[in-house]
Amino acid sequence: MLGEFEYLTLTAATRLGEYAYGAAIRKEIEHATAHRCSIGALYTTLDRLEAKGFIKTWMGDPTPQRGGRSKRMVRVTASGVRAASAFYAAVRRISEGVSWEMHRAAVR
Amino acid sequence: MGDAPSRSPMMTQACWELVEILSRMLDSDEGLAVRGDLEESGETGLQAVWGVLGLVVRRQAALWKDWRPWLALVGLIGPVSLLLSLACRWLGAGYDLYLWIIRNRRDIDPTILSQTGLSVPGGIVLLGLRSLLLFCWSWATGFVLGAMSRRTIWFNGILFCLALFFLGSQLDHPYQDGVYQYSVDGWPLPLIFYTAILPLILLTTLILLPSLWGMHQGLQAPSRLLLTILWVVAVVIALSVGSWLGWAFDGSLQRRLLLLAAYWPVGYLAVTEIGQRWHHRIGSI
C-alpha cells in the first residue's frame, strides 16, 4: 500500500509524463496541496518509490535555466500505475457515503 | 537567484556557497539535480540552504541504519582516539627527556646514564620506532574508520579529530599543581615548546595526518591497497609485540581490555584482508 505522499508523487509524475522531473513534480504537488513540498521529502520519496519498482529515474540533459545542471527524470512503471490505481480505488471506496461538506457543517 | 531585494548580495552569495558545500555531502548526480531544481524553482538562498540541509539530514539518518558506522563511532572514536592521544602525550614526554639529555650530555655523568639504561643513540632509535608505530597505528585506525563509516565519514571523521585534540588533554595534562611535571633545568627551548608546541606537532604529524590519509584511502577500494595494509599491519605487530606479550601475560584484566581496544583496528584490517584474499583464491579455483 502506498503512502499519501507517495501517491501524490506518482500522480504528479504520471500527469507530467515525459516532462516529469524533480522541480516539476514538486511544483505540481505544491499546486495541488497548497503546501510547500520540501526537496528532502521529495527526493527520499523518489528513492523509496524506485526501490519498490514503482518508478524509474535517470539523469537527463543539462539545461541553461538550471545553470547547466542535469535533471533527475522520472517515469512511472506499470507496477507504479497499478499501485496508484489501487490506492485511488481504496480512497474512493472508503469515501463512499461520506460527505465532507455535510461533516464540516455539523462540526460548525 | 530569486532572493528578496532586502537580502544583501553577500548574504545571498554566502547562502548559495553553503548550498554548494552541503550538496557535496550528497551523491554527485543527486547534488547536481537538487541544485538545478532549487535554481529553477527560484528559491531564496535561505530556502535553498534549508532544503538541502533537510535532504542531507535525511540521507545521513538513513546511513545510520547500518551497523558499521555505529561500530566505528563506539569502538573507534571513543576508545582508540583516546588511546592514540594518550600515547602521543607519553611519546612527547620521551622527546622532552631525550632533548634534555642531548642538550646536557656533556654535563651528565655517563655512569648515571648507563645505570638508568638511557643513551642518546638508543633513545633516538627508540623514539624513531615508537613514532613509526604511532604513525602506522593512526593510519590503520583512520583506514578502518573510513572503510566502516563510508558516507558517514563527515560526522565520524570530525568527531574523531575533535576527540583526538580534546579527550586526551582532558585525561592526561602535563601539569601537576600548576607546574610542568617533567620540568628540569637546562632545557634548550622555552617551556611553551614542551607544553604546547611539541605535543601539537606530534599529534598533527603522527596521528592527525596519517589518520586523515588512512580515512581517505579507506573510503576507496581497499583491494588496491593490499600491500600497504599488510606492511602497516606487519610494522605495528613487529614494533608492539613486546608490550603485547608483557601486557597479555602479566597485565591486569583492565590492561588486557585496553590492549584489545587499542589494537582491534589493526586486527580487523588483517582479518578482512586475509579473508578477502582467501575468498578471491577460492573463487578463482
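These numbers come from a predicted model, not from an experiment.

### Quick look at the environment of B:Gly122
Within the fold, B:Gly122 resides in helix 7 (residues 120-149). A sequence separation of 24 residues divides B:Gly122 from B:Tyr98, and the C-alpha atoms of the two residues are 10.0 Å apart.

### Things to note about the interface of chain A and chain B
Frequently, the measure chosen for interface size is the accessible area that the parts lose on association. Residue-level contacts link 20 residues of chain A with 20 residues of chain B. Buried surface at the junction of chain A and chain B, summed over both partners, amounts to about 1700 Å²; 50% is from carbon and sulfur atoms. Area buried by chain A at its contact with chain B is led by A:Ile39, A:Tyr43 and A:Arg69, which between them contribute 35% of it. Put simply, A:Arg69 and B:Glu20 hold a salt bridge, and the shortest N to O gap is 3.3 Å. Linking chain A with chain B are 12 residue pairs in polar contact (both at pLDDT 80 or more). Secondary-structure elements contributing two or more residues to the side of chain A that touches chain B are helix 2 (22-33) and helix 3 (39-51) of chain A. With 6 residues, helix 3 of chain A is the single largest residue contributor to the side of chain A that touches chain B.

### Considering the pattern of salt bridges
Overall, the coordinates contain 18 salt bridges over all chains when judged by the stated rule. Here A:Lys52 and A:Glu6 are joined by a salt bridge, their closest N and O atoms 2.9 Å apart. Placement of A:Lys52 in the loop between helix 3 and strand 1 (55-59) and of A:Glu6 in helix 1 (residues 4-16) is noted, with a sequence separation of 46 residues between them. When its relative accessible area of 4% is taken as the criterion, A:Glu6 is described as buried. With a closest N to O distance of 2.7 Å, B:Asp37 and A:Arg66 form a salt bridge. Here the residue B:Asp37 occupies a position in helix 2 (residues 28-41), and A:Arg66 occupies one in the loop between strand 1 and strand 2 (72-76), the pair thus bridging two chains. A:Arg66 carries the same exposure label as B:Asp37, and that label is buried. Among the charged side chains, a salt-bridge network with shared partners connects A:Asp47, A:Glu50, A:Arg72, B:Glu30 and B:Arg59.

### Some details on the layout of surface pockets
The calculated volume of the second largest pocket comes to roughly 300 Å³. Forming the boundary of the second largest pocket are 13 residues, of which A:Asp47, B:Asp27, B:Glu30, B:Arg59 and B:Arg151 lie nearest the centre. When contributions to the lining of the second largest pocket are tallied by element, the ones reaching two or more residues are helix 3 of chain A together with helix 2 and helix 3 (45-63) of chain B.

Parameters at a glance
Residues numbered from 1 in each chain as written. Chains lettered and ligands numbered in written order. Predicted model: local features only at pLDDT ≥ 70, side-chain atom pairs only at ≥ 80, totals over all residues. Heavy atoms only, no water. Helix = DSSP H or I, 4+ residues; strand = E, 2+ residues; numbered from the N terminus. Contact = heavy atoms within 4.5 Å. Buried area = accessible area lost by both parts, 1.4 Å probe. Salt bridge = Lys/Arg side-chain N within 4 Å of Asp/Glu carboxyl O. Polar contact = N/O pair within 3.5 Å; in protein donor to acceptor, adjacent residues only side chain to side chain. Buried < 20%, exposed > 50% of the residue type's maximum accessible area, 1.4 Å probe, protein only. 1 Å grid on protein atoms, 1.4 Å probe; cavity = no way out; pocket = protein on both sides within 12 Å on 5 of 7 lines; lining within 4 Å. Points joined across faces, edges and corners; volume = space filled by probe spheres on them.

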